[in-house]
Each structure stands twice: as C-alpha cells, then as structure tokens.
Amino acid sequence: MDISTIRDRAFANPMCSPAYPMGPYRFIDREFFVITYRTDPALLRAVVPEPLEIEEPLVHYEFIRMPDSTGFGDYTESGQVIPVMFDGEPGNYTHAMFLDDHPPLAAGRELWGFPKKLATPRLAVNTDTLLGTLDYGPVRVATGTMGYKHRELDKEALGHVLATTPNYLLKILPHVDGSPRVCELVRYYLREVRMKGAWSGPAALSLFPHALAPVASLPVLEVTGARHYIADLTLGLGEVVHDYLA
C-alpha cells in the first residue's frame, strides 16, 4: 500500500476494516430519559474544564435508547451532562457516558471526543414506570425512574432547544509516547431534529459508588425535574473552540 493510497483511505482504525463508517449519523426514534438534579457546586466546578463556566450546580442524568442509528445499529447509552456557559451562551458539557456497542464507542471517542466507556445501560417501560438503569459489569451504578407519560410537554419548544443548544466535549488523544497529542474543547450541534413526543412526571434517581464508573461523585442532592422524549435527529460533526496545547 503506497503513501497516497494510505492518505486517501485513512479514516478510522483498523485501516482495512474501520470500526465505524463515515457519517452523517442519523438516528430514528431516539428515546431520551433525562433527570435533572442539583449537586455539590464545588464538586461540579472540579470536573468542568475552563473556559466553560457554571451558573447553577445542576446535572442532567441521561438514559438514551437508540434502536436505529446509521452505521452504529441498535444500542443504549447512559451518563451525565452538565449545563454550562461559554462566551455568554448556554450549552451542555458531556461529563461521562457509558454504552453497550463498540462502533459508536470508537467513533464517539475518536471523532468528537465523547467520554465513552463500555457498560450495560438499559431503558424500558415497567408497567406504569419509565425505568433506566446502568450496570458496570455486575454492579448497579445508576437507577432512574419516572411516572410514564404523566404530563405532555411542548415537543416543538423542546425540539427547538435541542437543535439550537451547543454541546461541548473535552477531546483527548495521546501521542505514541503517552504525552497529549490532541487536547481540545469541541463543540457540536444536533441537526434536523424531528420531535415525535415529549412528556414529564414524578422522578427519582439513585447513584451508587464505583471506582471505574464514578457517576456518584456528583451526588444527587435534589431532583428538580425529568423529561422523556422521542426524536429523529442527525448528530452533527464538531468544531474546535479551544486548543489547550496551543
């Protein structure tokens, strides 16, 4: 394989059989269960990278079902997203994410810088309850519950927020000697959002300590709300807004 061929074909590892295809990455019937809670502000500030800023000590804990996604297949995610400010504009910073499928794990880390790790999240309806769980190996680390479709929300207003809110990631790639080769703050947007339904209800969230899935390090002090919604959307590619190595 000559050098020009390598340059033309290089996209993702492994070279001859990439772990994921090129985008765009379209999601159909993507189902979100998001519980917002208040946590310790000092602990929150310790994990949010500058130049992002925090106004309120809030965390969104997410369970997401993705039954139909381009190139990635059928999988589930769970993790923590933190409301932040950047240049005076509100956004969301993804702090932790756990999923059960290798292609989106590899693509998420390599393309955008999603902080993804392999685990077993689940989202399902259990009689009258929307139930989200996260297991790391045999250990339960998160359980979220909400009354199923107790109150309908304005899906168009929520869709507008999803499509216009910037999302931030800390992308880190090491050099071959172990030093950082890439260390960037990345911004991306959700595109072509088509809302199919949105609901709320009474909710509860329990997080349990784990050495390698430390979601409980941002403890739940008070649940402030919960949303359940279903949408079709495209995951947009990112742009670098801050280079920590420059």
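All of these numbers come straight from a predicted model, not from anything done at the bench.

## Examining the nonpolar core
Then step 1. Of all hydrophobic cores here, the largest spans 32 residues; its most connected members are Phe-33, Leu-52, Tyr-61, Phe-98 and Leu-207.
Then step 2. Looking at this core, the elements with two or more residues in it are strand E1 (25-38), strand E2 (58-69), strand E3 (73-86), strand E4 (89-99), strand E7 (129-136), strand E8 (139-147) and strand E13 (203-207).
Then step 3. In this view, Phe-33 contacts Tyr-61, Glu-62, Phe-63, Leu-123, Leu-130, Gly-132, Gly-144, Thr-145, Met-146, Ala-226 and Arg-227; residues no more than four positions away in its chain are not counted.
Then step 4. If you look at the next biggest cluster of nonpolar residues, it comprises 29 residues, including Val-34, Ile-64, Ala-107 and Met-195.

## Concerning the packing of aromatic side chains
Then step 1. A full pass over the atoms with the stated rule returns twelve aromatic pairs.
Then step 2. The interplanar angle of 55° and the centroid separation of 5.0 Å between the aromatic rings of Tyr-61 and Phe-63 together place this pair among those described as tilted.
Then step 3. Accessibility expressed as a relative area gives 0% for Tyr-61, which makes it buried.
Then step 4. Counting every residue linked through ring pairs, the aromatic cluster contains Tyr-25, Phe-27, Phe-72, Tyr-75, Trp-112, Phe-114 and Tyr-188.
Then step 5. The ring of Phe-114 has Lys-116 lying over it, and the distance from NZ or CZ to the ring centre is 5.0 Å.
Then step 6. The ring of Trp-199 carries the charged tip of Lys-149 above its face, separated from the ring centre by 4.1 Å.

Calculation criteria
Residues numbered from 1 in each chain as written. Predicted model: local features only at pLDDT ≥ 70, side-chain atom pairs only at ≥ 80, totals over all residues. Heavy atoms only, no water. Core = buried A, V, L, I, M, F, W, Y, C linked by side-chain atoms within 4.5 Å. Buried < 20%, exposed > 50% of the residue type's maximum accessible area, 1.4 Å probe, protein only. Helix = DSSP H or I, 4+ residues; strand = E, 2+ residues; numbered from the N terminus. Contact = heavy atoms within 4.5 Å. Phe/Tyr/Trp six-rings, centres within 6.5 Å; stacked < 30°, edge-to-face > 60°. Lys NZ or Arg CZ within 6 Å of the ring centre and 35° of its normal.

That is the geometry; function is a separate question.
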